[in-house]
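Observations on chain architecture
One-letter residues, chain by chain:
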Amino acid sequence: MTFREAARRVVEEGISPTMSHQRISQLHLKDDNFPPVKVIGRAKVVDWVKARPYFVAHAQKAAKRDVRRRIEREGGSE
């Protein structure tokens, strides 16, 4: 899927409260652990099956650094 669609899905699936395709592009350029990317025309695409675990791990690291990044779980128990 495109970076734009991946960003939408990160938020929709509750992985992170916010995500933009620009941020995904930054992660792709700076993080050696970013999943493989292919270029199709002018779009960069990533396999969601491989990318989802990356974004989950990235969001967990971010949540440890910043309380604003934490997703509230239903039931209020964390």
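Scope of this entry: the structure provided in the associated data block. Bear in mind that the values here come from a model prediction, so they are computed numbers and not experimental data. Residue indices begin from 1 for each chain and proceed along its sequence in written order. Local features in a predicted model are, by the rule used here, given only for residues with pLDDT of at least 70; side-chain atom pairs are given and counted only at 80 or more, and totals for whole chains, interfaces and linings are based on all residues. Side-chain descriptors were evaluated using all non-hydrogen atoms of the structure, hydrogens and water having been removed beforehand.

**Concerning the packing of aromatic side chains**
Under the convention used in this document: Between rings of Phe, Tyr and Trp, where Trp is taken as its six-membered ring, a pair exists when centres lie within 6.5 Å; planes separated by under 30 degrees are stacked, by over 60 edge-to-face, and by other angles tilted. Secondary structure elements are defined from DSSP: runs of H or I of at least 4 residues count as helices, runs of E of at least 2 residues count as strands, and each element is numbered from the N terminus. Partly exposed residues are those whose accessible area sits between 20% and 50% of the maximum for their type, while under 20% is buried and over 50% is exposed, using a 1.4 Å probe and protein chains only.
This model, assessed by the stated rule, comprises five aromatic pairs. Centre to centre, the rings of Phe-3 and Phe-34 are 6.0 Å apart; their planes meet at 65°, and the pair counts as edge-to-face. In this pair, Phe-3 is assigned in helix α1 (residues 3-12) and Phe-34 in the loop between α2 (21-30) and β1 (37-40), connecting sequence segments 31 residues apart. Measuring from ring centre to ring centre gives 6.2 Å for Trp-48 and Phe-55, while their planes differ by 25°; the resulting arrangement is stacked. As far as burial versus exposure is concerned, Trp-48 and Phe-55 are alike and both buried.

**Digging into the pairing of β1**
Operational definition: Two strands qualify as a pair provided DSSP detects at least 2 bridges between them.
Pairing of β1 with strand β2 (residues 43-46), which is carried by four bridges, proceeds in the antiparallel orientation. The residue of β2 that forms the bridge with Lys-38 is Val-45. Hairpin connection, β1 to β2: the antiparallel pair is bridged by two residues, and Gly-41 has positive phi, about 65°.

**Some details on the nonpolar core**
Where we set the bar: To form a nonpolar core, buried Ala, Val, Leu, Ile, Met, Phe, Trp, Tyr and Cys residues must be joined to one another through side-chain atoms within 4.5 Å. Residues are treated as being in contact if the distance between any of their heavy atoms lies within 4.5 Å.
Ranked by size, the top nonpolar core spans 15 residues in total, and within it Ile-24, Phe-34, Trp-48 and Phe-55 carry the most contacts. For this core, the elements supplying multiple residues, two or more each, are α1, α2 and α3 (48-65). Beyond its immediate chain neighbours, meaning those up to four positions away, Ile-24 contacts Phe-3, Ala-6, Ala-7, Met-19, Phe-34 and Phe-55.

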